[in-house]
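What follows is the residue order along each chain.
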Amino acid sequence: MTFEIPRETNTGKIVEVTLGATAREGGTRSHTVTIGGSAALPFHFFEGNHSHRPVVAMEVFDKAHPKFPDALRDYFGEVLDKPGDMAKKCVSEYGAELISVRLEGTHPEKGNKSAEEAAEIVKQVLGSVSVPIIVTGHSHFEKINQVMKKVCEIAEGENCLINYVETDNYKTIAAACIAYNHTLVAQSPIDVNLAKQLNILLTDMDFPAERIVMDPLTGSLGYGLEYTYSIMERIRIDGLAGDKMLAFPMLVNPGYESALVKEARAEESDYPEWGSTEIRGAYWEIATAMSLLVSGAELLIMYHPKAVEAIKAKIKEMYGSRNGD
Amino acid sequence: MALSGLDIFKLLPKTNCGECGVPTCMAFAMKLAQKKAELSECPYASEDAKTTLGAASEPPIRLVKIGSGNTAEVGNETVMFRHEKTFFHQTGIAIELCTSEGKNKLLEKIKEIENYGVERVGETLTADLYLITHDSSDPEDCLSAIKLAKEHSTKGIILNCRDDKTLREGLEIIKDDRPAILLQKELSDKDIELAVSFDGSLILTGHSYDDIDGQAKKAKAAGLNSLILNLESDNLGRQIQDNTILRRSALKKNIKSFGYPLFSYVRAENNFDLLARASALICKYASIIALPEYDKALLYSLFTLRQNIFTDPQKPIQVDPKVYPVGDPTPESPIFITTNFSLSYFMVSGEIENSGISAHLVVADAEGQSVLTAWAAGKFNGETIAKFIKDIKLEEQVKTRKIVIPGFVSMISGDLEENLPGWEVIVGCQEASDIPSFVKNVQLT
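Treat the numbers as computed from the prediction; the structure is a model and nothing was measured.

So, about the overall build of chain B. Scanning chain B from N- to C-terminus turns up 17 helices and 17 strands. If one aligns the C-alpha atoms of chain B with their principal axes, the spans along those axes are about 80 × 60 × 40 Å. Residues counted as buried form 56% of the 445 residues belonging to chain B. Considering only contacts within chain B whose residues lie at least 6 apart along the sequence, 65% involve residues at least 24 apart. When the accessible surface of chain B is split by element, carbon and sulfur atoms take 48% of a total near 18400 Å².

Right under this line is the structure:
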């Protein structure tokens, strides 16, 4: 027989979102990174184009989480507490395509660093690397609003990805993003309708669609991954079917989520059947990231250098020369 | 063309004899329409019904079994996405045993794998199959490896042996154990004869859709239905795409020659790469994956992923209702309560851990429902919680007499105090993510 491949064409297309800005666009990045643009489900190359391949970011900290596993300290040592130096190392040694600066230390109960201090750290990272920057916050509304406003202001024109707003707290940060030309992450708790609602709220305040990235909220492997996985598939299917309020690229956090689970830290002597502690953390992150990749993630913020290497290699293998870069 | 339950009902005898195991013909017709039954289960089906229903009543993807003790069952899937219903038969994980490793090393490896199992949310996760690869020259190596596996294990065996005579002798050893044969060359009549006479299944290897189609048709024409398809590609993107196309063709286009489980031998440069490949294949339709390595940490990650992906989305995983220690709690540590919906448990225990304190987490039996759903259904209220706390004899385990309830069910606090004399109820935060700040601001003991 001559087998005819059953193709299903989509009417919708995922919005293309560009992160970062070069001098020409009013920023100081050496290049920009564009995500999105898919007209088919992940890896369905036979029925639609993927204009851009998924990208891998790494994260640096204003204050490293005390629970991070030793494996991370082994790789980063003291630079774990030096965001500028760590960013440089992530880009030059481990091939990070973007850097996320996590400002957890600004949380009133986790150090209460001021908005000015946070802005200084972001500035420092912008100075130490030339890739586009993500700025990642937390859920203390009052404080993060202050912090993000300041960050947006000092990074004006850099088109940072401001991570994140949620339904109960979006106006201040979204307005700052519009005023100072940044892109925004809309985070919702593992639910298609809530995700859609937040995107509608944002576009209702004239937030430009080409500057929205969705975060469906990542559950790590073994900790609710299957919910994230299926919500992402459903969001992507609806987005491709023409629901414009779900047709945004998706960001996930396999690094942060995997670094905090017990499986990344527990000693092999306590759990012999779990295997080597040294590599288990990287494995946990790889399995999390890979499943999110096949369910629709375009931007992955990752931690373990070995996991970054493996996932980047797979993205390259899977997308090959199909897509420009 | 898929037939509706009513279309099928018209073709049945309508005698409601019940011999098919279903009380009425209508109910049987509905089962047939959902591809949960086969027409052959009706002893009185007319020739007409058989012809009309023939193809339509078979499951779109065959169920294939390997092994007789711990049988691995794969295939019989009905949807492309797990949220549409569920994925029914989890990916079988096969560990490769190469005859070149030598008898002693193989024995050691088999014993280790047999003893290996890891507990996760009430399930013991283990490898399912062995792939015995004859990569040394002496036929005796192959036979002795098969004997070792048979003697020390009840897992199913897939044989990968290029020498016909050795293969036949090997199959003789495990002829009662539903073996599988991995063919790496074009299917021949001899292969079909072997599979049929040893009641085994054949894994067909092909390099194009047409190639696979031709081989599957040939085997089926010869009466062999236990087939597994191995469409080879070195590129992971290509593999996912191929798996998707084969599954979609079988489910939506009713292409019978693709309606079989899918096999992948995972080759990789290193174990990080191996895990990345295997993870993608578990998500995207591989029915069996064979791994060249035995690495506990890698298997634990893969098993967990497999458990996540193959969980029925309509029946969330429940955790055992009991008291869980978070950190190293003492009898004086704070006490939290939530339901036994796995995600609630994971979120709450994770955030208590993040907060840096040690505590007792009481996971109440709410039939796996989340806090608000369980409350609305009357399964998580003052009365049920008090009863649960008494049943598990919590007062004998701890000295604390304060309990933190989820903020979403603040309305039950009075009721709970009434039902639980001597206890003080503290209304906690609504979102688990707020636990770290909650514990800093509230006196919990």
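Each domain of chain B was delimited in the assignment, giving domain 1 (5-57), domain 2 (64-309) and domain 3 (323-441). Computed over C-alpha atoms only, the centres of domain 1 of chain B and domain 2 of chain B are separated by 33 Å.

Residues and elements named next belong to chain B. Pairing of strand 16 (residues 402-405) with strand 17 (residues 424-427) involves 4 bridges; the strand directions are parallel. For Ile405, the partnering residue across the bridge sits in strand 17 and is Val427. With helix 16 (residues 413-419) bridging strand 16 and the parallel strand 17, this β-α-β connection has right-handed handedness.

So, about the confidence of the model for chain B. Chain-level pLDDT for chain B is 92 on average; 99% of the residues reach the 70-or-more range. We note a pTM of 0.88 for the whole complex and an ipTM of 0.96 for its interfaces.

Attention now goes to the state of the cysteines. All names here are of chain A. Using the criterion set out here, one finds 0 disulfides over all chains in the structure. The thiol of Cys152 is not disulfide-bonded; the next cysteine sulfur, from Cys177, is found 4.2 Å away. Among the residues examined, Cys152 registers a relative accessible area of 0% and is labelled buried.

Residues and elements named next belong to chain B. The strand order across the open sheet built from 8 strands is 10-9-8-7-6-3-12-11, with neighbouring strands paired in parallel fashion. Two strands in the sheet have a free side with no partner beyond their single neighbour: strand 10 (227-231) and strand 11 (263-265). The sheet shows a mean angle of 25° between the axes of neighbouring strands, direction not considered. As paired elements, strand 3 (residues 92-98) and strand 12 (residues 288-291) share 4 bridges and run parallel to each other. In the strand pairing of strand 12, Ile95 is matched with Leu291. In the packing of helix 4 (residues 103-115) onto the sheet, contacts are made with strand 3 and strand 6 (129-133), and the angle to strand 3 comes to roughly 160°. Packed onto the sheet, helix 8 (residues 209-221) meets strand 9 (201-206) and strand 10 and runs at close to 155° relative to strand 9.

Listed as interface residues are 58 residues of chain B and, on the opposing side, 52 residues of chain A. Approximately 5000 Å² of surface area, both sides summed, lies buried where chain B meets chain A, with 63% of it carried by carbon and sulfur atoms. The interface formed by chain B and chain A holds 8 salt bridges in total. Between B:Arg248 and A:Glu47 there is a salt bridge; the shortest N-O distance is 2.8 Å. Taken together, chain B and chain A are joined by 24 residue pairs in polar contact (both at pLDDT 80 or more). Counting residues per element, the ones that place at least two in the side of chain B that touches chain A are strand 4 (118-120), helix 8, helix 9 (236-252), helix 10 (271-283), helix 11 (296-309), helix 12 (342-355) and helix 17 (435-441) of chain B. Residues belonging to the side of chain B that touches chain A are distributed by class as follows: 24 nonpolar, 17 polar and 17 charged.

Moving on, we come to helix 2 (residues 25-33) of chain B. All names here are of chain B. Within the span of helix 2, buried status applies to Cys25, Phe28, Ala29 and Leu32. Axial view of helix 2: buried residues confined to an arc of 105°, hence all on one face. Phi turns positive one or two residues past the end of helix 2, at Lys35, with a value near 60°.

Ranked by internal contacts, the top residues of the largest apolar core, which has 201 residues, are A:Ile99, A:Ile162, A:Leu202, B:Ile289 and B:Leu291. Ranked by residues supplied to this core, first place goes to helix 9 (residues 277-295) of chain A with 10 residues. Not counting residues within four places of it along the chain, the set of residues in contact with B:Ile289 comprises B:Thr91, B:Gly92, B:Ile93, B:Ala94, B:Ser264, B:Val266, B:Ala278, B:Leu281, B:Ile282 and B:Leu302. If you look at the next biggest cluster of nonpolar residues, it comprises 24 residues, including B:Phe380, B:Ile412, B:Leu420 and B:Trp423.

Residues and elements named next belong to chain B. Residues Leu372, Trp375 and Met411 make up a contiguous nonpolar surface patch of about 270 Å² in total accessible area. As for its placement among the helices and strands, Leu372 is situated in helix 13 (residues 371-376). Looking at Leu372, the relative accessible area reads 39%, which means it is partly exposed.

In an α-helix, one turn spans 3.6 residues, which is why side chains three or four residues apart end up on the same side. Residues and elements named next belong to chain A. For helix 5 (residues 171-180), the complete set of buried residues consists of Ile173, Ala174, Ala176 and Cys177. An end-on view of helix 5 places all buried positions within 160° of arc, on one side of the element. The inward-facing, buried residues of helix 5 contact helix 4 (141-154), strand 6 (161-165), strand 7 (183-187) and helix 6 (192-204). Asn181 sits one or two residues past helix 5 and shows a positive phi near 60°.

Turning our attention to the packing of aromatic side chains. Tallying each qualifying case throughout the model produces 22 aromatic pairs over all chains. Their ring planes at 50° and their centres at 5.0 Å tell us that A:Phe61 and A:Phe68 sit as a pair that is tilted. You can call A:Phe61 buried: its relative accessible area is 2%. Ring geometry for A:Phe76 versus A:Tyr94: centroids 5.7 Å apart, planes at 80°, classification edge-to-face. With A:Phe76 in helix 1 (residues 70-76) and A:Tyr94 in the loop between helix 2 (83-92) and strand 4 (98-102), this residue pair connects regions lying 18 residues apart in the sequence. The burial state of A:Phe76 is the same as that of A:Tyr94; both residues are buried. Taken together through their ring pairs, the aromatic side chains of A:Tyr223, B:Tyr324, B:Tyr345 and B:Phe346 make up a single cluster. A cation over a ring is seen here: A:Arg102 above A:Tyr256, with NZ or CZ 3.6 Å from the ring centre. The ring of B:Phe9 carries the charged tip of B:Lys14 above its face, separated from the ring centre by 5.8 Å.

So, about a negative patch on the surface. Together, A:Asp70, A:Asp74, A:Glu267, A:Glu268, A:Asp270 and A:Glu278 give the surface a local cluster of negative charge. Classification of A:Asp70 as exposed rests on a relative accessible area of 54%.

This part is about the pairing of strand 2 (residues 72-75) of chain B. Residues and elements named next belong to chain B. Relative to strand 2, strand 1 (residues 63-66) runs antiparallel, the two sharing 4 bridges. Bridge pairing in strand 2 links Ile66 to Ala72. The antiparallel pairing of strand 1 with strand 2 creates a hairpin that spans 5 residues between the two strands, and Gly67 there sits at a positive phi of about 95°.

Residues and elements named next belong to chain B. This model, assessed by the stated rule, comprises 38 salt bridges over all chains. Among the salt bridges present, the one from Lys190 reaches Asp164, with a minimum N-O distance of 3.1 Å. Taken together, the positions of Lys190 in helix 7 (residues 189-197) and Asp164 in helix 6 (residues 164-173) put the pair 26 residues apart, joining distant regions of the chain. On the basis of relative accessible area, Lys190 is assigned to the partly exposed category, the value being 48%. Its salt-bridge partner being Asp213, residue Lys217 comes within 3.1 Å of it at the nearest N-O pair. Linking Lys217 with Asp213, this pair stays in helix 8, spanning 4 residues, or about one helical turn. Since its relative accessible area comes to 44%, Lys217 is described here as partly exposed.

Criteria and cut-off values
- Residues numbered from 1 in each chain as written.
- Chains lettered and ligands numbered in written order.
- Predicted model: local features only at pLDDT ≥ 70, side-chain atom pairs only at ≥ 80, totals over all residues.
- Heavy atoms only, no water.
- Helix = DSSP H or I, 4+ residues; strand = E, 2+ residues; numbered from the N terminus.
- Buried < 20%, exposed > 50% of the residue type's maximum accessible area, 1.4 Å probe, protein only.
- Contact = heavy atoms within 4.5 Å.
- Areas by Shrake-Rupley, 256 points an atom, 1.4 Å probe, with all protein chains shown as cover.
- Domains from an automatic or database assignment.
- Pairing = 2+ DSSP bridges.
- Right-handed = clockwise from strand over helix to strand, strands pointing away.
- pLDDT = per-residue confidence, 0-100.
- Disulfide = S-S within 2.5 Å.
- Axes fitted to C-alpha atoms, helices over the stretch in contact; angles between N-to-C directions.
- Buried area = accessible area lost by both parts, 1.4 Å probe.
- Salt bridge = Lys/Arg side-chain N within 4 Å of Asp/Glu carboxyl O.
- Polar contact = N/O pair within 3.5 Å; in protein donor to acceptor, adjacent residues only side chain to side chain.
- Nonpolar A, V, L, I, M, F, W, Y, C, P; charged D, E, K, R; others polar.
- Arc of directions from axis to C-beta.
- Core = buried A, V, L, I, M, F, W, Y, C linked by side-chain atoms within 4.5 Å.
- Patch = residues over 30% accessible without salt bridge, like charges linked within 9 Å, V, L, I, M, F, W, Y side chains within 5 Å.
- Phe/Tyr/Trp six-rings, centres within 6.5 Å; stacked < 30°, edge-to-face > 60°.
- Lys NZ or Arg CZ within 6 Å of the ring centre and 35° of its normal.
- Lys, Arg positive; Asp, Glu negative; His and termini not counted.
- Charge placed at Lys NZ, Arg CZ, Asp CG, Glu CD.

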